[in-house]
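# Fold and geometry: a report
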Amino acid sequence: MLLEGLSKLEYRGYDSAGIAVRDGEKDVRVVKARGRLSVLEEKTDGGRTVPGNCGIGHTRWATHGEPSENNAHPHVSEDSSVVAVHNGIIENYQELKEKLLRNGYTFYSDTDTEVAVKLIDYYYKKYKVGPIDAIAKCMVRMRGSYALAVMFRDYPGEIYAARKESPMILGLGDGENFIASDVPAILKHTRRVIYVGNLEMARITPEKAEIIDLNGDVIEKEVTEITWDAEAAEKGGFEHFMMKEIYEEPRAIEDTLHSAIKEGTIDISGTGLTEEEMKSFSSVWIVGCGSAYHVGMVAQYVLEDLAKIPVRVELASEFRYRQPLLAKDALVVIISQSGETADSLAALREAKRQGVKVLGIVNVVGSAIAREADYVFYTLAGPEIAVATTKAYSAQLIGCDLLAVALGRARGVLEEEKIKELLSDLLSLPGKVERIIEDKERIQWFANKFANINDVFFLGRGLDYAACMEGSLKMKEISYIHSEAYAAGELKHGTISLVEKGTMIIGVATQKRIFEKTISNMVEVKTRGAYLCGITSAGNYSMEDTADFVLYVPKSDEHFSATLTVIPLQLLAYYVAVNRGIDVDKPRNLAKSVTVE
Ligand code: F6R
């Protein structure tokens, strides 16, 4: 049952897996394995070697600690009184770990989950107040996000749960009950589901399933009847993974921000970079492929402006073969979601061959680029399934913004006051992205109207141009419409000859200093018959005088505008592709991870 349920959740992560099973009052047995779920299935002979009637299981996407058997869940307290699985990130796990170390606890893994398990064990034994009170005490202490399922040795046949931010549901069966992080895991057994709310706990036995608040009181919850089929359920009710992942962008941004903003200030020491090292770099090279390269294009503007350091951006496939002249004290930044892209990995090796330090901005923990880089900044976007990247791109942008602020501080070019302002603006981005997504119907309407066009041009200057490059790639790769991104001032040096009556032009203009300039370029194409869609920040209403259709994004510090403008561009590409009947998640000829040249 556990293995089968986990197989339905494998899309959420699959670098290791484990189960903990109890047979009546007997002690719990834990089996874990690195790799896909099939390895665990083999190890347990399809579950037959660990019989029982109560258990928890987990398939992992590493966030703290490399993918290994040791770091795989479930995690157990020293005497196995408490055993648990966990999704999410405990942001203050270091501080909690230190507290536990002072109280004689030791740790066998690098995970934040082991800290959570031992914290529950600590309160459970110290106050002798039972599972619910022990968990509630932990919830008060833990910051971050979690969906926890916990078994206690003294309570056979019972599973306890706690939730903050990370999704969690209860499934109501007949003589059996379930806890899961998503509906597909239990759909074979029941369609009756209770959604566990934020900061709520749960207790299940075969006969009973209760939701409990932080005061320990049982609360009444509505039971939902699931009517979707299993495949739709894996996508959380969304038609495509791409849309699901667009919806996950605020979370990806927030988690990535919180990994480096601690107690109101920036701290990227987790990457391994020291203040001294950051001070010593003379220049930065950013290298990546496709969307990761486009992140570099945005980052170039942000880093040069905030950290006052010269930046060059290179395509990994070019960089690896042209023997770039790297200064010994340069920093090479390799950006990669998968951490396995062949050209990016080769670029990393070329930089190291020249004796230059490399920082990887990577999403997949333990991937080749993460292993070989000197320093690693992990983006916390979670697994990305759709071939066209969305949430990983956004998390990579945030990684670069944070690097810019950290370098700016280390190099003494950003005052504390300015840093505070920038961080506060960064922290407001998840809410702003959410607002753009909520307003998606207008974009859908527009996309449906123009789904049959043959060409589209994206125009912008500076940071807006960099965002256009990503918008253009999204459009062409999933809708198969020819599209190009142009620096707005460059169009009249040739490409404008392609503009004719009805050509679609998408102009992005968020930066005050060059707003009028971009508008002038938009007027130039309009007078030649183009249809103009403008994307700008709230307040720039004069855009309506020029464009035929305007989309507004909330105002933000201009350095971070690409995080906002890319959202309507992603949505536009998505809706055009859906309208054209294309397999949005798996467009033709592409692969999610390009491990060949
Ligand atoms: C486009 C896209 C690709 C990737 C590129 C690099 O939507 O997803 O362009 O950005 O293949 O992949 P990673 O980031 O895994 O190195």
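Attention in this report is confined to the structure presented alongside it. All of these numbers come straight from a predicted model, not from anything done at the bench. (Residues numbered from 1 in each chain as written. Predicted model: local features only at pLDDT ≥ 70, side-chain atom pairs only at ≥ 80, totals over all residues. Heavy atoms only, no water.)

### Side note on helix α5 (residues 131-141)
Helical geometry note: an α-helix holds 3.6 residues per turn, so side chains three or four residues apart project in the same direction. So the rule is basically this: Relative accessible area decides the class of each residue, using a 1.4 Å probe on protein chains only: under 20% of the type maximum gives buried, over 50% gives exposed, and in between gives partly exposed. Numbering goes from the N terminus for both helices and strands, where a helix is a DSSP run of H or I of at least four residues and a strand is a run of E of at least two. In what follows, residue pairs with any heavy atoms lying within 4.5 Å of each other are defined as contacts.
For α5, the complete set of buried residues consists of Pro 131, Ile 132, Ala 134, Ile 135, Ala 136, Cys 138 and Met 139. Buried residues along α5 sit against α4 (112-127), β6 (144-152), β7 (159-164), β11 (200-204) and β12 (209-212).

### Quick word on the sheet that holds strand β2 (residues 29-34)
Counted only if it meets this: Two strands form a pair only when DSSP identifies at least two bridges running between them. Every axis in this analysis is a line fitted to C-alpha atoms, fitted for helices over the stretch in contact. Angles between the N-to-C directions lie between 0 and 180 degrees.
In space, the three strands of this open sheet follow the order β2-β1-β3, with antiparallel pairing throughout. Two strands close off the open sheet at either side, each with one partner strand: β2 and β3 (54-60). Each strand of the sheet is rotated relative to its neighbour by a mean of 10°, with strand direction disregarded. With seven bridges joining them, strand β1 (residues 16-22) and β3 adopt antiparallel strand pairing. Residue Gly 18 lies in a different strand from β3, and its bridge partner there is His 58.

### Structural notes on helix α8 (residues 249-258)
Of all 10 residues in α8, seven are buried; the element is thus mostly enclosed. Taken together, the buried positions of α8 are occupied by Glu 249, Pro 250, Ala 252, Ile 253, Asp 255, Thr 256 and Leu 257.

### Here's the deal with the site of the ligand
The condition that has to hold: We call a residue near a molecule or strand when any one of its heavy atoms sits within 4 Å of it. Identification of polar contacts relies on pairs of N or O atoms within 3.5 Å, with a donor-acceptor requirement for protein atoms, meaning one able to donate a hydrogen and the other able to accept it, and with residues adjacent in sequence counted only if both atoms are side-chain atoms. Segmentation of the chain into domains, including their bounds, is taken from an automatic or database domain assignment.
By nearness alone, 14 residues border the ligand, and Ser 336, Gln 337, Ser 338, Thr 341 and Glu 477 come closest of all. Within the backbone of Ser 291, an N or O atom sits 3.1 Å from an oxygen atom of the ligand. Here Gln 337 contributes a backbone N or O atom positioned 2.6 Å from an oxygen atom of the ligand. Broken down by secondary-structure element, the contributors of at least two residues to the shell around the ligand are α10 (290-307) and α18 (463-479). Domain assignment of the residues forming the shell around the ligand places at least three in each of domain 2 (237-437) and domain 3 (439-597).

### Structural notes on the pairing of β12
Looking at chain direction, β11 and β12 are connected through four bridges and run antiparallel. The residue of β12 that forms the bridge with Ile 204 is Ala 209. The antiparallel pairing of β11 with β12 creates a hairpin that spans four residues between the two strands. Between β12 and the antiparallel strand that follows it, strand β13 (residues 218-219), lie five residues; Gly 216 among them carries a positive phi value of about 90°.

### A word on the packing of α10 against α18
The criterion, for reference: Oblique is the label for any angle not covered by the other classes, which are roughly parallel (under 35 degrees), roughly antiparallel (over 145) and roughly perpendicular (65 to 115). All amino acids are sorted into three groups, where Ala, Val, Leu, Ile, Met, Phe, Trp, Tyr, Cys and Pro are nonpolar, Asp, Glu, Lys and Arg are charged, and the leftover types, Gly among them, are polar.
Between α10 and α18, the shortest axis-to-axis distance is 8 Å and the interhelical angle comes to 170°. With respect to α18, the axis of α10 lies roughly antiparallel. The residues of α18 that touch α10, namely those facing Gly 290, Ser 291, Tyr 293, His 294, Met 297, Val 298, Tyr 301 and Val 302, are Leu 463, Tyr 465, Ala 466, Ala 467, Met 469, Glu 470, Leu 473 and Lys 474. Here the residues of the contact of α10 with α18 are counted per class, giving 11 nonpolar, three polar and two charged.

### Overview of empty space enclosed by the protein
Put simply, the rule is: For each structure, a 1 Å grid was placed over the protein atoms alone; sets of points admitting a 1.4 Å probe that cannot get out are labelled cavities, open sets with protein on both sides within 12 Å along at least five of seven lines are labelled pockets, and lining residues have an atom within 4 Å of a point. Grid points are joined across faces, edges and corners, and a volume is the space filled by probe spheres set on the points.
Throughout the structure, instances matching the rule amount to three cavities of 30 Å³ or more. In this structure, the largest cavity encloses a volume near 40 Å³. Elements with a minimum of two residues in the lining of the largest cavity: α17 (440-449), β24 (504-509) and α21 (561-579). A per-class count over the lining of the largest cavity returns nine nonpolar, no polar and no charged.

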